[in-house]
Protein chains: 2
Amino acid sequence: MRAMSSMRRADGDLDRVKDRPGGRSSQIREAVKAAVHEELIATGYAELSYRNIARRAGVDASTLYRRWPTRPRLVADLLLGLSDEFVTIPDTGTLEGDLTDLLQQIVQGLADVRTRKVALSLAIAASDGDEEVTEVMRTFWHHRFAAASVILDRAYDRGEIAGSHPCDLIIENLTTAAWFRAIFSQRPIDKTFVEKRVAATLKLLT
Amino acid sequence: MRAMSSMRRADGDLDRVKDRPGGRSSQIREAVKAAVHEELIATGYAELSYRNIARRAGVDASTLYRRWPTRPRLVADLLLGLSDEFVTIPDTGTLEGDLTDLLQQIVQGLADVRTRKVALSLAIAASDGDEEVTEVMRTFWHHRFAAASVILDRAYDRGEIAGSHPCDLIIENLTTAAWFRAIFSQRPIDKTFVEKRVAATLKLLT
């Protein structure tokens, strides 16, 4: 049995604009994503303005409204795009190597104040009761955790772990303390911290 | 050897206003703490206003400025007060019981949108580069984690665990996934989740 993952197929849950890579439509989408990213960092979700995004992206506001009729859709498209760039799922050949690489990438992402600001601005909107943003965040993390489950699948195929392991709990075990330190407790995140989190996660898997 | 704790004596690091319980000074302090709490939830840290707090608490703005000359001090006093109410360190007689009770209290606290909003408004200020708020948060969590270390000390005294365990890593292992779900991934936090986090933490201790 492979590592359990009830989190597959999260991709596609959101209404993504489909288009040919490199085409005009694709260029607009990239420009809009970059503009949403900048605006989120600059003003936060609550003040996210279609007019400012359109100006920054160099597109008509009407185009923006037609393709992304709500702010949560704008943000969802940004997040799902970022998620593939932000953290690459590693394939180092060992479970320990993969977990270490994954956590190091997350730590590096969290060291960037822009990452923290995007995450916080969406968290604020969710805590303010915005159901659409809440759903966007749930889907985004679903997608991320499902992508990471391949690490456990490969470790199982190599005979490093016996099945079955709930991927979401394992990846939470590895990663959430880094989020907590970066966002809340403001404690340093060093090499030893990463090693200890990896060791704790390996212990959980054996 | 008792459970390692490099986090003692965090209390007192902040400049707390000392006064006789029940006296006029103590009444003012309680009123101001409540007012700061309400204002933080209503407007967030960035818009925290001495005038609004003074009006809400029924005290002169001059009193407020004299006793809490900076906004981080106002917030620090609130947080250190809240920390003693928010989560009581349990003493159930077993390590498993204590860890379960502690996590359940945290889960309950996180279910309250007011808790999440206070935490988020300070996290935003820290990510905006406010060094004083960053220090307040660091000290607050230091204080909380140090308080929780008594759970491990007692488990050691009862012979349930062998020393030494770094309290901060253990408590992070127990609690941070709940924070991540409540604030970021928006996934449900149920009884099974609590049980699995406790089991993972016990496994780390044995």
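This one's a predicted model, so the numbers in the text were calculated from it and none came from an experiment.

Calculation criteria
- Residues numbered from 1 in each chain as written.
- Chains lettered and ligands numbered in written order.
- Predicted model: local features only at pLDDT ≥ 70, side-chain atom pairs only at ≥ 80, totals over all residues.
- Heavy atoms only, no water.
- 1 Å grid on protein atoms, 1.4 Å probe; cavity = no way out; pocket = protein on both sides within 12 Å on 5 of 7 lines; lining within 4 Å.
- Points joined across faces, edges and corners; volume = space filled by probe spheres on them.
- Nonpolar A, V, L, I, M, F, W, Y, C, P; charged D, E, K, R; others polar.
- Phe/Tyr/Trp six-rings, centres within 6.5 Å; stacked < 30°, edge-to-face > 60°.
- Helix = DSSP H or I, 4+ residues; strand = E, 2+ residues; numbered from the N terminus.
- Buried < 20%, exposed > 50% of the residue type's maximum accessible area, 1.4 Å probe, protein only.
- Lys NZ or Arg CZ within 6 Å of the ring centre and 35° of its normal.
- Contact = heavy atoms within 4.5 Å.
- Salt bridge = Lys/Arg side-chain N within 4 Å of Asp/Glu carboxyl O.
- Polar contact = N/O pair within 3.5 Å; in protein donor to acceptor, adjacent residues only side chain to side chain.
- Least-squares fit on C-alpha atoms with pLDDT ≥ 70 in both.
- UniProt positions renumbered as here; feature names shortened; annotations may be inferred.

J.: Hey, could you run me through the layout of surface pockets in this one?
T.: Here the largest pocket is characterised by a volume of approximately 730 Å³. Considering the residues around the largest pocket, the lining is formed by 32 residues, among which Thr43, Ala46, Glu47 and Ile124 of chain A together with Ile124 of chain B are closest to the centre. The residue makeup of the lining of the largest pocket, split by class, is 14 nonpolar, eight polar and ten charged.

J.: Hey, could you run me through the packing of aromatic side chains in this one?
T.: Note on aromatic pairs: each is described by the distance of the centres and the angle between the planes. Using the criterion set out here, one finds 18 aromatic pairs over all chains in the structure. With 4.1 Å between their ring centres and 5° between their planes, Tyr50 of chain B and Tyr65 of chain B make a pair best called stacked. In this pair, Tyr50 of chain B is assigned in helix H2 (residues 50–57) and Tyr65 of chain B in helix H3 (residues 61–67), connecting sequence segments 15 residues apart. Exposure remark for Tyr50 of chain B: the relative accessible area of 9% places this residue in the buried category. Stacked on the ring of Tyr45 of chain A, the Lys or Arg Arg71 of chain A has its end atom at 4.8 Å from the ring centre.

J.: What exactly am I supposed to notice about the environment of Val150 of chain B here?
T.: Residue and element names in this part refer to chain B. Tracing the backbone through its elements, the reader meets Val150 in helix H7 (residues 131–157). Look at Val150 and you get partly exposed, because its relative accessible area is 28%. For the pair formed by Val150 and Asp91, sequence separation is 59 residues and the distance between their alpha carbons is 9.2 Å.

J.: Honestly, the environment of Ile28 of chain B in this entry has me stumped. Any pointers?
T.: Residues and elements named next belong to chain B. Along the polypeptide, Ile28 turns up in helix H1 (residues 24–43). Note: C-alpha distance between Ile28 and Thr63 (35 residues apart in sequence) is 9.3 Å. Ignoring anything within four residues of it in the chain, the contact list for Ile28 reads Val59, Arg67 and Trp68.

J.: So what exactly am I meant to see when it comes to the interface of chain A and chain B here?
T.: Interface size is commonly expressed as the accessible area that is lost once the parts come together. Counting from both sides, the interface comprises 37 residues of chain A and, opposite them, 37 residues of chain B. For the pair chain A and chain B, the number of links is eight salt bridges. In this structure, the connection of chain A to chain B is made through 16 residue pairs in polar contact (both at pLDDT 80 or more). Those elements that provide at least two residues to the side of chain A that touches chain B are helix H6 (113–127), helix H7 (131–157), helix H8 (167–185) and helix H9 (191–205) of chain A. Residue composition of the side of chain A that touches chain B, by class: 19 nonpolar, seven polar and eleven charged.

J.: Please explain the relation of the copies chain A and chain B as it appears in this structure.
T.: The relation between the two chain copies is a rotation about an axis coupled with a shift along that axis. For the pair chain A and chain B, the superposition axis carries a translation of 0.0 Å, the fit reaches an RMSD of 0.0 Å, and the rotation angle comes to 180°. The superposition of one copy onto the other is thereby described by a two-fold rotation axis. When C-alpha positions in chain A are compared against the rotation axis, the closest is assigned to Thr176 of chain A, at 2.8 Å. When the interface residues of chain A are mapped onto chain B, 100% of them again lie at the interface, so the same face is used by both copies.

J.: Where do I start with the UniProt feature "DNA-binding region" (unreviewed entry) in chain A in this structure?
T.: What UniProt calls "DNA-binding region" (unreviewed entry) maps, in this numbering, to residues 49–68 of chain A. Spanning residues 49–68 of chain A, this segment combines 75% helix with 0% strand, and its end C-alpha atoms are found 13 Å apart.

J.: It is not clear to me how the pattern of salt bridges should be interpreted in this structure. Could you clarify?
T.: Pairs can form between side chains of opposite charge whenever their charged atoms are close. Inspection of the entire model under this criterion finds 24 salt bridges over all chains. Notably, a salt bridge pairs Arg187 of chain B with Asp168 of chain A, separated by 2.8 Å at the nearest N-O pair. Placement of Arg187 of chain B in the loop between helix H8 (167–185) and helix H9 (191–205) and of Asp168 of chain A in helix H8 is noted, with the two residues assigned to different chains. Asp168 of chain A carries the same exposure label as Arg187 of chain B, and that label is buried. For the salt bridge of Glu38 of chain B with Arg114 of chain B, the shortest nitrogen-to-oxygen distance reads 3.4 Å. Of this pair, Glu38 of chain B sits in helix H1 while Arg114 of chain B sits in helix H6 (residues 113–127), and the two are 76 residues apart along the sequence. A relative accessible area of 31% means that Glu38 of chain B is categorised as partly exposed. Arg114 of chain B sits in the partly exposed class, given a relative accessible area of 32%. A cluster of three or more residues bridged by salt bridges with shared partners is formed by Asp168 and Glu172 of chain A together with Arg181 and Arg187 of chain B.

J.: Would you take a moment to explain empty space enclosed by the protein for this structure?
T.: Empty space among the atoms becomes visible once a probe the size of a water molecule is rolled across them. The tally for this structure, following the rule as stated, stands at four cavities of 30 Å³ or more. In this structure, the largest cavity encloses a volume near 170 Å³. Looking at the largest cavity, it is lined by 14 residues, and the ones nearest its centre are Val87, Ile106, Trp141, Arg144 and Phe145 of chain A. Sorting the residues of the lining of the largest cavity by element identifies helix H5 (95–111), H7 and H8 of chain A as the ones contributing at least two each. It is H7 of chain A that contributes the most residues to the lining of the largest cavity, five residues altogether. For the lining of the largest cavity, the per-class residue count stands at twelve nonpolar, one polar and one charged. Within this model, the second largest cavity holds a volume of roughly 150 Å³. Elements represented by at least two residues in the lining of the second largest cavity include exactly helix H5 (95–111), H7 and H8 of chain B. The element contributing the most residues to the lining of the second largest cavity is H7 of chain B, with four residues. Counted by class, the lining of the second largest cavity contains eleven nonpolar, one polar and one charged residues.

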